[in-house]
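Spelled out, the chains give:
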Amino acid sequence: MNDWTKSEGVPEGAIGGFIVQDASCASVLHLGLARGATGYLRSDDGGKSFSAPGVGPGSSVEWLAVCPAAPRRLYAILGERKAAVALSDDSGKSWRRAAMRGLVASSSAQPYNLAVDPNDAGRLYLVLGGSSSCLWRSTDSGESWSRMDRGLSGRPTHPSMVIAPMLAITRSGIKVALLGGGRLARIGPGEDRWQDATPRAPKVTAEFLVADPHHASRLWRTGAGRLWRSDDGRRWEKLPGPENIKHVTCDAKKPGRLAVVASANAWLTTDGGRRWRSLGSRPSDLLSSTVFAGENLVGLSMSGIFWRRIR
């Protein structure tokens, strides 16, 4: 099958807040519903259909995160006035809320991004936007929080129509944050202060950022419509291929397999970005992001969730 097919089980009018590939099973996806419906859905068949495996978190879900260190653990940012995080230890069947002790934020603070340390499922990083823009860290699965933004300045950026991570963490412990104006900041393992890591030449506005799950220190980002790669978070290499790229995702199960959304079309590479082939676009609307699900690629758009075979 070479066409995009609408996924079953997603309520009409519902808009996905975020979708993520499972940490242990390549064909399982976790979907948070943020608009038009609330809650959490899971797909066990590569994105062809979604259903609720149990009692959801009881609110809309703006963001989801998984961790290879504890494959059954899920975290969700809840779409509520006050920053709230829920977690599941049974792959989404049941949820409980984290206590969020110590986290102080204004009523206008908007949680943008929740990142989990790939080596420690209890270590979380929460990016807040709004008037109290800052980065918070938890070492106990969200029960208590402390600020971690020494040397970090500039509000996180949130490009329209792009569901973009603001913080990426590599397996080696390098953290890179995406700041306002497309700037980058970096903090290395064992360091306690962020340093500016915005490329000087050529000057590129960063738009989307993700860590590669198969390499200790590799990161991918978009900027100026192209795809860039770094193995240390400081120096970036521009790759050949599609232009007008807005989103990039890595397959958690197959090294070198990435997908990008460029001018609403999806493109696939299986060799780390050297060669690409077009997967086409949705005929009626625009894809905003994609995620791998076994031998399928699943795309999010304003009109729903869609999947297609990529083998």
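Let us look at the structure shown here. This structure is a prediction, so every number in the text was calculated from the model and none was measured.

Rules used throughout
- Every chain begins its residue count from 1, and numbering advances along the sequence as written.
- Restriction of local features to residues with pLDDT of at least 70 applies here, the model being predicted, together with a cutoff of 80 or more for giving and counting side-chain atom pairs; totals for whole chains, interfaces and linings are based on all residues.
- Note: side-chain values were computed over all heavy atoms of the structure, leaving out hydrogens and water.
- We treat two strands as partners when DSSP finds at least two bridges between them.
- A run of DSSP states H or I qualifies as a helix once it reaches four residues; a run of E qualifies as a strand once it reaches two. Both are numbered from the N-terminal end.
- Helix axes are fitted to C-alpha atoms over the stretch in contact, other axes to C-alpha atoms as well, and angles between N-to-C directions run from 0 to 180 degrees.
- Put simply, buried Ala, Val, Leu, Ile, Met, Phe, Trp, Tyr and Cys residues joined by side-chain atoms within 4.5 Å make one nonpolar core.
- The buried label goes to any residue with under 20% of its type's maximum accessible area, the exposed label to any with over 50%, and the partly exposed label to all in between, with areas taken from a 1.4 Å probe on protein chains only.
- Whether two residues are in contact is decided by their heavy atoms: any pair within 4.5 Å suffices.
- A pair of aromatic rings is counted whenever rings of Phe, Tyr or Trp (Trp by its six-membered ring) have centres within 6.5 Å, and the orientation is called stacked for planes under 30 degrees apart, edge-to-face for over 60 and tilted otherwise.
- In the sections that follow, a salt bridge refers to a side-chain nitrogen of Lys or Arg positioned within 4 Å of a carboxyl oxygen of Asp or Glu.
- What qualifies as a polar contact is a pair of N or O atoms within 3.5 Å, subject to a donor-acceptor requirement within protein and to the restriction that residues adjacent in sequence count only when both atoms come from side chains.

**A look at the sheet that holds strand 23 (residues 265-269)**
Across the sheet, which stays open at both edges, the 4 strands sit in the order 21-22-23-24 with antiparallel pairing between neighbours. Where the open sheet ends on each side, the last strands, each with one partner, are strand 21 (245-250) and strand 24 (277-280). Pairs of neighbouring strands in the sheet enclose a mean axial angle of 25 degrees, with direction left out of account.

**Re the nonpolar core**
Soluble globular proteins tend to pack their nonpolar side chains together in the buried interior. Within the largest apolar cluster, 34 residues are counted, with the highest numbers of intra-cluster contacts made by Leu 64, Tyr 75, Leu 103, Leu 114, Leu 126 and Trp 145. Only strand 2 (15-21), strand 5 (61-66), strand 6 (74-78), strand 7 (84-88), strand 9 (110-116), strand 10 (124-129) and strand 11 (134-138) provide two or more residues apiece to this core. For Leu 126, the contacting residues outside a window of four places in its chain are Ile 77, Met 100, Leu 103, Pro 111, Asn 113, Leu 114, Cys 134, Leu 135, Trp 136 and Trp 145.

**Quick notes on the pairing of strand 11**
Counting buried positions along strand 11 gives 4 out of 5 residues, so the element sits mostly inside the fold. One ladder, built from 5 bridges, connects strand 10 with strand 11; its direction is antiparallel. Paired with Val 127 across the bridge in strand 11 is Leu 135.

**Examining the packing of aromatic side chains**
Per the counting criterion, the structure on display carries 2 aromatic pairs. Aromatic pair Phe 18 and Trp 63: ring centres 4.0 Å apart, planes at 15 degrees, arrangement stacked. Here Phe 18, found in strand 2, pairs with Trp 63, found in strand 5; they are 45 residues apart in sequence, far enough to count as distant. For Phe 18, a relative accessible area of 15% corresponds to the buried category. Judged by relative accessible area, Trp 63 falls into the buried class, the value being 6%. Between Tyr 40 and Trp 95, the aromatic rings sit 5.3 Å apart at their centres with planes inclined by 65 degrees, giving edge-to-face as the arrangement. Here Trp 95 lies in the loop between strand 7 and strand 8 (96-97) and Tyr 40 lies in strand 4 (residues 39-43), a separation of 55 residues in the sequence. Judged on exposure class, the residue Tyr 40 and its partner Trp 95 are both buried.

**Description of the pattern of salt bridges**
By the definition in use, this model includes 17 salt bridges. A salt bridge links Arg 97 to Glu 80; the shortest N-O distance between them is 2.5 Å. Here Glu 80 lies in the loop between strand 6 and strand 7 and Arg 97 lies in strand 8, a separation of 17 residues in the sequence. For Arg 235, the salt bridge is made with Asp 232, and the minimal N-O distance between the two is 2.1 Å. The exposed category is assigned to Arg 235, whose relative accessible area is 59%. Relative accessible area serves as the criterion here: at 12%, Asp 232 is assigned to the buried category. What you see here is one network of salt bridges that share partners, running through Asp 251, Lys 254, Arg 257 and Glu 295.

**As for the sheet that holds strand 7**
Pairing in this open sheet of 4 strands is antiparallel, and the strands run 5-6-7-8 from one edge to the other. At either margin of the open sheet sits one strand with a lone partner, and together these are strand 5 and strand 8. As defined by bridge partners, strand 7 adjoins strand 8 across 2 bridges and the pair is classed as antiparallel. Of the residues in strand 8, the one forming a bridge with Leu 87 is Arg 96.

**Details of the environment of Val 176**
As for its placement among the helices and strands, Val 176 is situated in strand 14 (residues 175-178). Ignoring any residue separated from it by four or fewer positions in sequence, one finds Val 176 in contact with Met 166, Leu 167, Ala 168, Leu 184, Ala 185, Arg 186, Trp 194, Leu 209, Leu 219 and Gly 233.

**Some details on the environment of Arg 257**
Tracing the chain through its elements places Arg 257 in the loop between strand 21 and strand 22 (258-262). Owing to a relative accessible area of 6%, Arg 257 belongs among the buried residues under this scheme. Not counting the four nearest positions on each side in its chain, Arg 257 is found in contact with Thr 249, Cys 250, Asp 251, Leu 268, Thr 269, Thr 270, Phe 292, Gly 294, Glu 295 and Ile 310. For Arg 257, the side chain forms a polar contact with the main-chain oxygen of Gly 294, separated by 2.8 Å. Polar side-chain contacts of Arg 257 include one of 3.3 Å to the side chain of Glu 295.

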